[in-house]
Amino acid sequence: MHDVVHQLALGFLHLLSPANAVSLVVGLVVGMLVAVLPGLTLVMGVVLALPFTYGMSVTPSIILLTAMYLSGTYGGAFTAILFRIPGEPLDVPLLWDGYPMARQGKPAQALGWTLLAALWGGLITAVSAVALAVPFAKFALRFDAPEYFAIVLFGLSGVVALGGGSMVKALVSLCIGLLLATVGVDDTYGADRFTFHVPILKDGIEYLTVMVGAYGLGEVLARMELGFVTPPMDGGGKIQTRLPRWREIWRLRPTIARSSLIGVLCGIVPGAGATVGSFVAYGTEAQYGKRRDKLGSGIPEGIVAPQVASTATVGGHMVPLLALGIPGSGATAVILGAFLLHGVQPGPQIFQTEADMVYTIFASMFAAVLGMCLLGYFAIKPLVRILQLPEAVTSAFVALFCFVGAYSARNSVTDLWMIVIFGVVGYLFERYRFPIAPMVLGCILGPVAETSFMTSMIAYKGDWTVFFSRPISGTVMALTILALAYPMIRRLRRVYRAHKTPPGLAAVERELQP
Amino acid sequence: MAGKLKGQLPYLALLLGAAYLYRAAGHFAYAARPGELGPDFWPKAVLALLMAVCAYEIVRRALFVHAPRVPDADSRPATQPAEGTRYPRLLAAGVGLTVLYVLGLDTAGFFLSTALYLALFMLVGRYRRYGVIAATSVLGSLTFVYVFMKIVYVSLPLGAGPFKQVSVWILAALGIR
């Protein structure tokens, strides 16, 4: 414990270096801008920022992306509450109480509650990341190849099962990602796989081009097909924040406690990210909250619960990312990509080999929470002005960022063709509602999964029961099966309820589903 | 019936593609080691899973698609906007423009092709304030050139022939050597 506090204090000192401090501030501002703009998703924003980190060292790069991620969970609240436009899917529950409260003439109070919730959720997330990462890493030091395979499988199945969409589509997306990762020369045998005598495929498909193409260009094409219909908005006007009184906050402590726990847990479980956390927290409030009957009419509980939970997921996500090298969401997959691009492999050893970097990142999370709240309080007025930009203009620049980002990685025009191809794939995914995150995660984690599987098979002479007979891997495999079975159980329960519940109530329940 | 087939088509295409790749995986050239799995095992396992999932979905859609749909998480939240009018021509123009941009980069160089791409993209995107289009596309391209070549040290394409000369002038004007 003493060691952790000491390291964290050093992390705060390292954070004062100009490169780290500038990265933090830029990350906060850009993350907030991205979240405010309805056309840009948080993950897309983090992806587009990635190329700017090539010339930076690893610590400021991760600080930049993490700050973007953190402030992105907060920035969208402004448009959701003031204009009824959720900047991110995770902001949708904020519409249900935040917008009515604003319509009742209390927008400053609504924004005050959001700020408080983001501050609390952010502090909880930073504390939980510091507290949980080291025990996680120590535990992970016992892992061998079978455990790693089981953990990666659990991570991938979590994204498939808990991502809140069709499981079939998520599985298809995951398989495509895993297949893309196999293209190129195989590490063990040196065999060409799916290269079809095309020289550029021998080097494999860069996960960066998959990410940037599918998330960035794909989204731009999808919006272009809809004719860029989002009208520019008047972002000025009367945006103010009024913080709630201590007595009012104290009254909401059960809501805050419940949502904090939900947020951290949703962060740790792969696949159940900020959006799921936000919906689950609101749903829990609707079931167990003291004023559940008033939810939806513009009460603070409906704002605090989703905002605390969504911000609290960030630290939870950072725990498996740093301790195991397993990202649980699209944004953390990009952050893992940034680590790998700088030649750093996150995992249990990182706490010994790169302790300075890890604790500077943790320290930056604390600073980012305070920074984003200050930004939200004082600077949101000019930031919201970005809503005045027409969609066609912002989309043109997003497309350009995609190309320059992909080109910067290897200075190769070939990668631009990959961007175009994966842009079209991303569009098709969007069009037919296939989730992109499983494909990206499959692409990044596919080589880890294959290597740990093949190593296990070689070490244990092809005995596949090793994944189930070793205590840790067996437990994780059981959790994987549970995660995959959960959506089916959930569906069966809904079928059962649909037969029993009156139609009006069923519609309300459906609204609350993540 | 047509609607049902339309829903099945993506899965059918994926199933056929996966079957083709499964066959291709059987022809990987490598020196086999006795008692060990080859480089084809992992891709084949993934492809088998993909084919099984696609087959399941095709059968499910064929047999149960007419049954009353149980609302699941696949359906979008009610608060999300309903799907509006689609403009496939706009999309085709956007994709075509993007392909032309990548094609033209090596010849026209980064600055010229980017400025043109940004301007045409905004026009195709039905934005009609020509002054803003001209200003943002030229200034945006210059900013990109400056940031990436001067600060991030990325060597962006200069183009060929007379276009290269234009790029060199612009770099000189920006103080980039």
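Residues numbered from 1 in each chain as written. Chains lettered and ligands numbered in written order. Predicted model: local features only at pLDDT ≥ 70, side-chain atom pairs only at ≥ 80, totals over all residues.

K.L.:
Please give an account of the overall build of chain B that cites residues and values.
P.N.:
If you tally the helices and strands in chain B, you get six helices and zero strands. When the elements of chain B are put in sequence order from the N terminus, they spell out α-α-α-α-α-α. The burial tally for chain B puts 28% of its 177 residues in the buried class. Partitioning the contacts of chain B with sequence separation of at least 6, the portion at a separation of at least 24 is 63%. (Helix = DSSP H or I, 4+ residues; strand = E, 2+ residues; numbered from the N terminus. Buried ≥ 20, exposed ≤ 12 C-beta atoms within 10 Å, placed from the backbone. Contact = placed C-beta atoms within 7 Å.)

K.L.:
Explain the overall build of chain A to me, and be specific about the residues and the numbers.
P.N.:
Looking only at helices and strands, one finds 24 helices and two strands in chain A. Relative to its length of 514 residues, chain A is compact, with a C-alpha radius of gyration of 22 Å against a globular reference of 24 Å. Sequence-distant contacts in chain A: of pairs separated by 6 or more residues, those separated by 24 or more amount to 80%. (Rg over C-alpha atoms; globule rule 2.2 N^0.38 Å.)

K.L.:
Please give an account of the environment of A:M318 that cites residues and values.
P.N.:
Following the sequence through the fold, A:M318 ends up in helix α14 (residues 300–324). Exposure remark for A:M318: the 32 C-beta atoms within 10 Å place this residue in the buried category.

K.L.:
I'd love a proper account of the packing of helix α5 (residues 92–103) of chain A against helix α6 (residues 107–140) of chain A, names of residues and values included.
P.N.:
Residues and elements named next belong to chain A. Direction vectors running N to C along α5 and α6 enclose 150 degrees, while the axes themselves pass 7 Å from each other. Overall, the two elements α5 and α6 adopt an arrangement that is roughly antiparallel. Contact residues: α5 offers G98, M101 and A102, while α6 offers P107, Q109, A110 and T114. When grouped by side-chain class, the residues that make up the contact of α5 with α6 number four nonpolar, three polar and no charged. (Axes fitted to C-alpha atoms, helices over the stretch in contact; angles between N-to-C directions. Parallel < 35°, antiparallel > 145°, perpendicular 65-115°, else oblique. Nonpolar A, V, L, I, M, F, W, Y, C, P; charged D, E, K, R; others polar.)

K.L.:
Please give an account of the domain arrangement of chain B that cites residues and values.
P.N.:
Where interface size is quoted, it is often the accessible area lost as the parts come together. The assigned domain composition of chain B is domain 1 (2–29 + 37–64) and domain 2 (88–173). Averaged C-alpha coordinates put domain 1 of chain B and domain 2 of chain B at centres separated by 40 Å. (Domains from an automatic or database assignment.)

K.L.:
Give a description of helix α4 (residues 110–124) of chain B that names residues and reports values.
P.N.:
The first and last C-alpha atoms of α4(B) sit 20 Å apart over 15 residues, in line with the 21 Å expected at 1.5 Å per residue. Of all 15 residues in α4(B), eleven are buried; the element is thus mostly enclosed. Within the sequence span of α4(B), burial applies to B:F110, B:F111, B:S113, B:T114, B:A115, B:Y117, B:L118, B:A119, B:F121, B:M122 and B:V124. Next to the buried residues of α4(B) lie α19 (391–410) of chain A together with α3 (88–108), α5 (130–151) and α6 (162–173) of chain B. Where α4(B) ends, the next residue or the one after it, B:R126, has phi of about 70 degrees, a positive value. (Expected span 1.5 Å × (residues − 1).)

K.L.:
Summarise helix α20 (residues 413–431) of chain A; cite the residues concerned and give the values.
P.N.:
With 19 residues, α20(A) extends 27 Å from end C-alpha to end C-alpha; this agrees with the ideal 27 Å at 1.5 Å per step. On its buried face, α20(A) is in contact with α8 (167–182), α10 (207–225) and α19 of chain A together with α3 of chain B. Positive phi appears at A:R433, one or two residues downstream of α20(A), with a value of about 60 degrees.

K.L.:
Could you give an account of the nonpolar core, naming the residues involved and the relevant values?
P.N.:
Core analysis: the largest hydrophobic core is formed by 218 residues, its most contacted members being A:V334 and A:V440. Ranked by the residues each element gives to this core, the list is headed by α6(A), at 18 residues. Both of domain 1 (2–29 + 37–64) and domain 2 (88–173) of chain B provide at least three residues apiece to this core. What A:V440 contacts, discounting residues up to four positions off in sequence, is A:G177, A:V210, A:M211, A:A214, A:G330 and A:A333. (Core = buried A, V, L, I, M, F, W, Y, C linked by C-beta atoms within 7 Å.)

K.L.:
Which residues make up unusual backbone geometry, and what are the values?
P.N.:
Residues and elements named next belong to chain A. A positive phi is found at F194, a non-glycine position, where the angle reads about 50 degrees. Secondary-structure assignment places F194 in the loop between β2 (192–193) and α9 (199–202). Of note in the backbone geometry, R433 takes a positive phi value of approximately 60 degrees without being a glycine. Positionally, R433 belongs in the loop between α20 and α21 (437–459).

K.L.:
How would you explain the environment of A:P93 if you had to name every residue and give the values?
P.N.:
Residue and element names in this part refer to chain A. Its place among the elements puts P93 in helix α5. Residues P93 and L156, 63 residues apart in the sequence, show an inter-C-alpha distance of 26 Å. Apart from the residues lying within four places of it in its own chain, the contact partners of P93 are S278, F279, Y282 and P306.

K.L.:
Tell me about the packing of α10(A) against α19(A), and name the residues and values.
P.N.:
All names here are of chain A. Look at α10 against α19: their axes get within 10 Å of each other, and the N-to-C directions meet at 165 degrees. Between α10 and α19, the interaxial angle falls into the category roughly antiparallel. By crossing handedness, the relation of α10 to α19 is classed as left-handed. Residues L208, T209, V212, G213, G216, L217, V220, R223 and M224 of α10 form the contact with α19, whose own contacting residues are E391, S395, V398, A399, F401, C402, G405, A406 and A409. Residue composition of the contact of α10 with α19, grouped by class: eleven nonpolar, five polar and two charged. (Left-handed = near helix turned anticlockwise from the far one by under 90°.)

K.L.:
I'd love a proper account of the confidence of the model for chain B, names of residues and values included.
P.N.:
Residues and elements named next belong to chain B. Per-residue pLDDT for chain B averages 86, and the proportion of residues at 70 or more is 88%. Mean pLDDT across the elements of chain B ranges from a minimum in helix α1 (residues 2–25), with 89, to a maximum in α4, with 95. Note that residues 68–82 has pLDDT below 50 and, in this model, 16 contacts with residues that lie over four places away or in other chains. The complex model carries a pTM of 0.79, and its ipTM stands at 0.87. (pLDDT = per-residue confidence, 0-100.)

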